[in-house]
Each structure stands twice: as C-alpha cells, then as structure tokens.
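# Descriptive structure summary
Chain residues, written in single-letter form:
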Amino acid sequence: MNKLLKKLRFKNIGIFSILLSLLLFCSGCWSNKEVETLAFVTLSSYDYTQINGQDVWTAATLILKPQGSQGQDEGKKSSLSGNAEQLVTGQGPTMQDAIRNYSAKLSTVPFYGYTTGTIIGEEAAKKKAPEMIEHRARFPQTRPRDIFLVAKGEAKEILKTRGTMNQLFSAEVSQFIDLKATNTGKSYGMYFYKFVSWLTSNDRDAVLPQIKIIPLESDNKESEANPKTEGSIIEGLGVFQAGHLVGWLDEEQTIGFLLLTQKINKGPISIPVQKDGTMFNYFLSSSTYKVKPVVSNEEISYQVTIQTKGEIDENNGLRLTKEDIEQLEPVISEKLKKIATATVKQAKTYKADFLGFSEKLHHKDPKTFHALGSEWREAFVNAQVEINVKAKIISTGRLKEELEVNPPNE
Amino acid sequence: MIVISTAILLIPGITAEKAAESAWLSVLIALAVGIVDLMLIYYLGRRFPKLTLSEYAEILLGKTLGKVLTFGYVLFFLTISVLVLREFTDFLNMNLMPETPPYVFQTGLMIVAAYAVVKGIEVIVRVNQFILPLFILSLAVLLALAVRDMDLSNLQPFLDKGVLSVVDASLVPIAWFGQIVVLVFLFPKVNQAEDILRNGIFGIIAAGILLTFITVATLTVFGPEYTGDMYFAFLYLAKYIKFVTIQRLEFLVIFIWVSGIVVKVAVMYYLETMTLVRMFSLQSKKYVLLGLALLNIILPNLLFESPVDVGHFLKNIWPSIALTFELLIPGLLLLLTVIKKKKVGRYH
C-alpha cells in the first residue's frame, strides 16, 4: 500500500512537471507576445551622413497598419492599397539608436519576422555598408531571402514614394526582385545571404539592385486630392568594391553583367539592335556563359564565351527568311559583345571584380591566385578579356518571312 | 543520435571557419576516427562483457586509481551535458525566445531528463527509437529542398587552405563522434553485444554521411566564408529554403534540435547518476539525481558567460579533453588488458 502511494505520488509529480514545462514552453515563457502588441515591419531603410563630424543615422521603416485603422483612414478601399503602410523614422548617432528612436514613436513593438527587405541609402552604402550588413547579419529576425537594394540618394525618400500599383509598396518591391529584376534584364535579384556571401568572399566583389525616384507620368498620377508626383523604379545596379559602393551600372551594363555572370533561362530580355539603319528587337530568352582563365608567362587573361537564344517579333520590316536570319545573328552577336565589353570596361574602371572572373581564376589555378595576394583586383584590371558571343534566333513568332500588307494604290 | 543531435547545427560553422570550402572533408576524417574509436571501445568491452568501465578500471588500475578514473568520466559526462544545455539555451535565446532566462529552459529540460533517468535506460532508448526516424525524415526533407539552390563551385578550390587546416578542423567533429565512448558504460546493458560493432559502424557511417551532406549543403548555398562566420549555419539554411509556397521550415530544425538534445542530456545524466551511485555504493539515487540536476542547471551559466565563450571552449579546449577520454584512455586500457591478458581472463 505504502509502495503504491509512493508510486502514485511520484507519478503525479512527474506528470505535473511535464505539464508545467509544456505550459511554460508552449506559451513562449517570458518571450510571449500577443499579435496586437506587434508592429509588423514590411520594409526598412538606412541612411547615413556626417554632420559637424558626428555620425548621423536615419532609420526609416514601413509598418503595416492594423486593419481597423486602415478602414478609418480609407473607408471602403482595399486593404492592400498603398497607404496600408505607415512610414516611421528615427535618427541617432548609431544605427541601433536610430532604430530605438523610431521604435519609441510606436506604442507597439517592431517585429521584423515578415520584413521583405532593406534599402541602403547611397551615402551609407559608400561609407558604412560592411558595418550595416554585419548588424543585419547578427540580428536573429533577418532572413536569408530578405531583399537588399541600394538607393540612388536617400533611401528614406524612396519609402515616401509608396507603391504605384494598388498594393503594398514592400510587396511591389519584393515581387519585382523575385520575378522580374533578372528576367527582364532591368536589374538583378539580390538577396541578403548572397550579398553577404559575395561581400565576405576573398575573390570577388558584389552588386546590389539600384532603386531610384522617378517623376510619375501624368496618367499615372493620383487624384488631385492626393497628388502623387513621384514613384520609384528598380533599374541598374550599384557596384561595391571591398564592401563599399563605388559606382553604378546603367541599363545596358546591367544586361552585360547578367550575360557575363548568369545562366538566363526565364527571359525575355529585350535588346534593341540596328542593322543597316533599321532597328529591330532581339528577345533574349536564354543564355549561358563560360569564363576560362588563361595563365601564360605570368600573364592572366580570360576567354569568355556567351551563347544566347532568342526570338524576333518586332522586325521593323526586315524579312526573316533563313538567309536573313543567318545574316542577322552575327549582328546580334556583335551587339551583345559590345554590351558585355562595356560592362567589363566599367568593372575595370571601378576596380571591382563583380563579374567573378578572379573567383574563376581562384578555382582553376589557386597557386596563381594566391601569388597575387591582395593585388587580385589589380590583376583583374590588367587582364585581357576576350569575349565571344554566339547569338541564335530560334523563333520568329507565329508568322513566316513577312506580313504582306496591301501596298498603297499607284 | 548522441553524436549528430547537437552536431548538425554547430559543425558546419566550426569546420568551415578553419577548412573553408573543404570543411566537408574534415567531417569524413572524423567519421573514420569515429570508427576506429568504436572498434577500440568494442574490443575493450568484449574483454569485460558483464562489467562497465568503472568496474574493470579498478581491476586494471587498482581501486584508488580506478575510482579516480571513473570520477574523471563522471566529470567528462557532466561537461558534455553542461555544454549541451548551454548550446540549447543559447540557441533558443538567440533565435526564438530572447527574453526568457536560461534557467527556465535548463530546468524544463532537466525535469524531462530526470523523469527519463528514473524510468531507466530502456525508456531513453525507446524514446530515441521513436524520435530517430522523424529526425532523419526532417533532415532529408530539408536537404532535398536545398539541393536546387546548391552551387557546387563553392566547394572549389579543393584543399585551398591546405591539408593541415582540414585536419585541424576535424578535431572538433572527432570529439563529437568520440562521444560514442558512452558505450564503455552501457556495454553490459546491451542484449546482443556481438552486434555492437556492426550496428555501431553502420550508425557512425550514417551519421557521418548525414553530417557531410549538411556541411556540403550549407557551404554550397552560403559559401565557405559566410558559413564559417555563423554559429548555427544549418538553422540559417532551413530559414533560407523556399520551394513554391513551402518556406519557414526552421520549425523542423527546432524540433530536431530540441528532441535530440533531450535524448542526449538524458543519456549523459543517466551515466553521471548511475556511475556515481555505483562508485559510492549508494542505496538510493534520489540525492545524486537532485544534486546533478542542480549542477546541470547552474554550471552552464556559471562557466560560460556568453556564446563566444562556448565557441572558444569548443574550438580550443574541448578537443584535447574529449580526445583524452574518448580515445587515449580507452586505448591505454585496451593495451593494459592485452598486457595483463591472463589476469583478466576470469572476468570474461
């Protein structure tokens, strides 16, 4: 009897302990948070400047408005409208202090678990990018697939422009990076993990998609009660050397970057080409690239081969017979070579190997690469780069050689 | 399970820091050493099939030295459980519940472990049998979803930092694999002792291959430099995975980690308790259980002020301690049994 009682008592203590542990852990213990007490951050930006020799950081963030307050603000408008996000800003001598200062303006706690990403201001990218990236990398709520962009000018101003379509600005930006940046050739879909991986790499430099303010066309402006004259666009790339922004790539150089570094398989990228004074458009649907480092007599050079496939729909009156296509392909190849060469030239001007040529050398010939030591960027600048492009036209749409339009009366 | 449960999160970061893109090779080296270690333990155990190390150490070394050695092993197991508990709280504090005091996690875990220890080793083994398939399935899902994002060029150039860096990086995983030394205390409890070697080798190879895949996956997705900078690189990989609408799979890693740690701490706690009870011929294990539970709760916070301390200890101090207890001492004891073969024959 005594034994049984003892057994039962122990059993009860055991069950009680397990229930207590479950209760504690399942409720989140001290870290328990109710959703009503959280401010869901959707997109953040960081700017940096120096005033009278003092560091000044500006942290701005878009916070998702609770549904109730959206209703008050916008009546029966869609909950996904551009104003569903509220801009909050803070300033301070350190990044963390700036964040603390915008947090202080909120009654709720900022929650970054659903953030789409971060925009870095131009000045911050030039002077403080490594410190900023390290701060984000240490932060537990940062996710590897958070998008990262660099703003031309102040990043905070970009957040002010909000979305141009009827949806959240943060969703608009992240969708563009996910689905369109690389596929349209306008920019490059860069994520936090990849940016950090390139920044920390000892044989290559990094790029970030550029976001900038543009004036809105008159037909895209909002109503007079709420005049919106500026929007933002993701176009081109910011080039980083040793972790600091050193320059920009324009639209054509961005296409060059993609041709030289990416396996494109989800085009089409539209490329205008001219033949005998007639402009037509090459719709690049896929491309592959190969970079071969060659070391002879201590001279480093790179042989680049790019192969593309595409379509011609907008032929501007050019006939598209088999013979015509055979003549057009070298013209397109030449145009693509020109684009790629311009990008290599720009990379050399910036002394930034964001094309990953030195990385290829490191992989193929580690001895030569290590012998370069910290001079590997110089070696890239001095290296000969030979580019060969083979462009193919694999489709001319649903028509044969030419659409025969009825000629005018004589 | 004892080897891999805690290794999956920490090993990729620790090995990549030293061996960079060839970190996966250091795991394979550890696998090979692990097999040697198992053979050592097996042949030692075969000589005293009905005795644990604490008992045959006294036969081989004399009563006093034997007891000192046994107590050394108790401290060794205590160090492992303290380390594991600290890693456990650091992981939860860093990633999930930053405001919760570490004592809360440690107390909760020790209550569950104490319950398992009171119920005996068979219960711990049964729990392990239940968890292991789920553990492997979760890992397989995570690895399969990461495959399409792997960039194998991140594994080049091969042996860029030299062979020595890979050997150096392998010391920490060797210490992990060497934790199968627990078998020297569990040998008499095993029903079919003759199968230990075959099953053990299979287990070590499976754990080694899984750990190699995990290391390759983190290296090829994040690159060697970034992987080497992270504490919990595999958790970050789980956060990274996105397949159509499937994402935020870190809950799987948390499940794997917590369940694995419960088993590991329970085994260590069991060995600490039973060895002390046997060593001092105690009638009841109640007070030993309580005392060890308190030590396991207090020491992780007393010995290590921050995760930086844990990292430093794991990389620089732990391998030498671990290798002494996992390889050197069993090796010397085996040598001694060979020398004193005739004398120990009667204990077979």
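Residues numbered from 1 in each chain as written. Chains lettered and ligands numbered in written order. Predicted model: local features only at pLDDT ≥ 70, side-chain atom pairs only at ≥ 80, totals over all residues. Heavy atoms only, no water.

## With respect to unusual backbone geometry
- In this structure, the amide linkage connecting Gln156(B) to the following residue, Pro157(B), adopts the cis form with an omega of -10°.
- Looking at where Pro157(B) falls in the secondary structure, it is placed in the loop between α6 (121–146) and α7 (163–177).
- With a phi close to 50°, Asn52(A) is a non-glycine residue in the positive phi region.
- What makes Asn52(A) exposed here is its relative accessible area of 78%.
- The phi dihedral of Ala20(B) falls on the positive side, at around 50°, and the residue is not glycine.
- With respect to the element layout, Ala20(B) can be found in the loop between α1 (4–19) and α2 (23–47).
- Assessed through its relative accessible area of 8%, Ala20(B) is described here as buried. (Helix = DSSP H or I, 4+ residues; strand = E, 2+ residues; numbered from the N terminus. Buried < 20%, exposed > 50% of the residue type's maximum accessible area, 1.4 Å probe, protein only.)

## A short note on the pairing of strand β1 (residues 38–51) of chain A
Residues and elements named next belong to chain A.
- Counting buried residues in β1 gives 10 out of 14 residues, a clear majority hidden from the surface.
- Pairing of β1 with strand β4 (residues 109–111), which is carried by three bridges, proceeds in the parallel orientation. Bridge pairing in β4 links Ala-39 to Pro-110.
- Looking at chain direction, β1 and strand β2 (residues 54–64) are connected through 10 bridges and run antiparallel. Each bridged residue has a counterpart across the sheet, and for Tyr-46 the counterpart in β2 is Ala-59.
- Linking β1 to β2, which pair antiparallel, is a turn of two residues; within it Asn-52 sits at a positive phi near 50°.
- Sheet topology note: the β1/strand β5 (residues 117–120) ladder contains four bridges and is parallel. Of the residues in β5, the one forming a bridge with Ser-45 is Ile-119. (Pairing = 2+ DSSP bridges.)

## Notes on the packing of aromatic side chains
- One pass over the full model with this rule turns up 39 aromatic pairs over all chains.
- Measuring from ring centre to ring centre gives 4.6 Å for Tyr193(A) and Tyr240(B), while their planes differ by 70°; the resulting arrangement is edge-to-face. Placement of Tyr193(A) in helix α8 (residues 192–200) and of Tyr240(B) in helix α11 (residues 233–240) is noted, with the two residues assigned to different chains. The exposure classification of Tyr193(A) matches that of Tyr240(B), with both residues buried.
- Chaining the aromatic ring pairs together yields one cluster made of Tyr73(B), Phe76(B), Phe77(B), Phe185(B), Phe304(B), Phe313(B), Trp318(B) and Phe325(B).
- Note that Arg136(A) overlies the ring of Tyr112(A), its terminal NZ or CZ placed 5.9 Å from the centroid. (Phe/Tyr/Trp six-rings, centres within 6.5 Å; stacked < 30°, edge-to-face > 60°. Lys NZ or Arg CZ within 6 Å of the ring centre and 35° of its normal.)

## Topic: the packing of α2(B) against helix α14 (residues 307–339) of chain B
Residues and elements named next belong to chain B.
- Where α2 meets α14, the axes come as close as 9 Å, and the angle between the chain directions of the two elements is 40°. Judged by the angle between their axes, α2 and α14 are oblique. Along this stretch, α2 crosses α14, giving a crossing that reads as left-handed. Here Val-33, Asp-37, Leu-40, Tyr-43, Leu-44 and Arg-47 of α2 come into contact with α14, specifically with Glu-326, Leu-327, Pro-330, Gly-331, Leu-333, Leu-334, Thr-337 and Val-338.
- The residue makeup of the contact of α2 with α14, split by class, is nine nonpolar, two polar and three charged. (Axes fitted to C-alpha atoms, helices over the stretch in contact; angles between N-to-C directions. Parallel < 35°, antiparallel > 145°, perpendicular 65-115°, else oblique. Left-handed = near helix turned anticlockwise from the far one by under 90°. Contact = heavy atoms within 4.5 Å. Nonpolar A, V, L, I, M, F, W, Y, C, P; charged D, E, K, R; others polar.)

## Digging into the pattern of salt bridges
Residues and elements named next belong to chain A.
- All told, the structure shown has 23 salt bridges over all chains when counted by the stated rule.
- Ionic pairing is found between Lys-127 and Glu-123, a salt bridge with its closest N-O pair at 2.7 Å. Of the two residues, Lys-127 and Glu-123 are both situated in helix α4 (residues 122–127); the distance of four residues between them amounts to about one turn of the helix.
- With relative accessibility at 45%, the residue Lys-127 sits in the partly exposed group.
- Exposure remark for Glu-123: the relative accessible area of 31% places this residue in the partly exposed category.
- Glu-252 serves as the salt-bridge partner of Lys-335, at 3.5 Å between the closest nitrogen and oxygen. Residue Lys-335 is located in helix α10 (residues 322–350), and its partner Glu-252 is located in helix α9 (residues 251–261); the two are separated by 83 residues in the primary sequence.
- Sharing partners across several salt bridges, the network here consists of Lys-186, Lys-212, Glu-235 and Glu-251. (Salt bridge = Lys/Arg side-chain N within 4 Å of Asp/Glu carboxyl O.)

## Some thoughts on the domain arrangement of chain A
Residue and element names in this part refer to chain A.
- Domain boundaries assigned for chain A yield domain 1 (1–26 + 34–249) and domain 2 (252–398).
- At the junction of the two partners, domain 1 supplies 24 residues and domain 2 supplies 24 residues.
- With its nearest N and O atoms 3.3 Å apart, the salt bridge here joins Arg-204 to Glu-359.
- At the surface where domain 1 touches domain 2, the tally comes to eight residue pairs in polar contact (both at pLDDT 80 or more).
- Residue assignment for the side of domain 1 that touches domain 2 shows that the elements contributing at least two residues are β7 (206–215), β8 (230–241) and β9 (244–249). (Domains from an automatic or database assignment. Polar contact = N/O pair within 3.5 Å; in protein donor to acceptor, adjacent residues only side chain to side chain.)

## What to know about the pairing of β2(A)
Residues and elements named next belong to chain A.
- The element β2 is extensively covered by neighbouring structure, given that eight of its 11 residues are classed as buried.
- The pairing of β2 with strand β3 (residues 85–92) spans eight bridges and is antiparallel. What sits directly across from Thr-58, in β3, is Gln-91.

## Some words on the nonpolar core
- By size, the foremost hydrophobic cluster in this structure holds 225 residues, and its most contacted members are Phe257(A), Leu336(A), Tyr73(B) and Phe77(B).
- At 18 residues, the largest contribution of residues to this core is made by helix α12 (residues 250–279) of chain B.
- When residues of this core are assigned to domains, at least three map to each of domain 1 (1–26 + 34–249) and domain 2 (252–398) of chain A.
- When neighbours within four sequence positions are excluded, Phe77(B) is seen to be in contact with Val181(B), Val182(B), Phe185(B), Met268(B), Leu271(B) and Glu272(B).
- Counting residues in hydrophobic clusters, the runner-up holds nine residues, among them Ala19(B), Leu155(B), Ala169(B) and Val216(B). (Core = buried A, V, L, I, M, F, W, Y, C linked by side-chain atoms within 4.5 Å.)

## Details of helix α3 (residues 95–103) of chain A
- Along α3(A), the positions that sit buried rather than exposed are Met95(A), Asp97(A), Ala98(A), Ile99(A) and Tyr102(A).
- Along its buried surface, α3(A) packs onto β1, β2, β3, β4 and α5 (129–138) of chain A.

## Overview of the confidence of the model for chain A
- Taken over all residues, the pLDDT of chain A has a mean of 86, while the share at 70 or more is 85%.
- Low pLDDT, under 50, characterises residues 74–81 of chain A; the predicted model gives this stretch 14 contacts beyond four residues in sequence or across chains. (pLDDT = per-residue confidence, 0-100.)

## Quick word on the sheet that holds strand β11 (residues 278–296) of chain A
Residue and element names in this part refer to chain A.
- The sheet built from four strands is open, its strands ordered β10-β11-β12-β13 with mixed pairing. At either end of the open sheet lies a strand with only one pairing partner, and these are β10 (269–275) and β13 (384–395). Pairs of neighbouring strands in the sheet enclose a mean axial angle of 40°, with direction left out of account.
- On the sheet, α9 packs against β10, β11, β12 (299–311) and β13 and is oriented at approximately 50° with respect to β11.

## Structural notes on the interface of chain A and chain B
- On the chain B side, the residues contacting the 32 residues of chain A number 31 residues.
- Between Asp149(B) and Arg145(A) there is a salt bridge, and its shortest N-O distance comes to 3.3 Å.
- Scanning the region where chain A abuts chain B turns up 12 residue pairs in polar contact (both at pLDDT 80 or more).
- Of all the secondary-structure elements, those providing two or more residues to the side of chain A that touches chain B are α1 (2–26), α8, α11 (357–364) and α12 (366–372) of chain A.
- When the residues that make up the side of chain A that touches chain B are grouped by side-chain class, the tally is 14 nonpolar, 14 polar and four charged.

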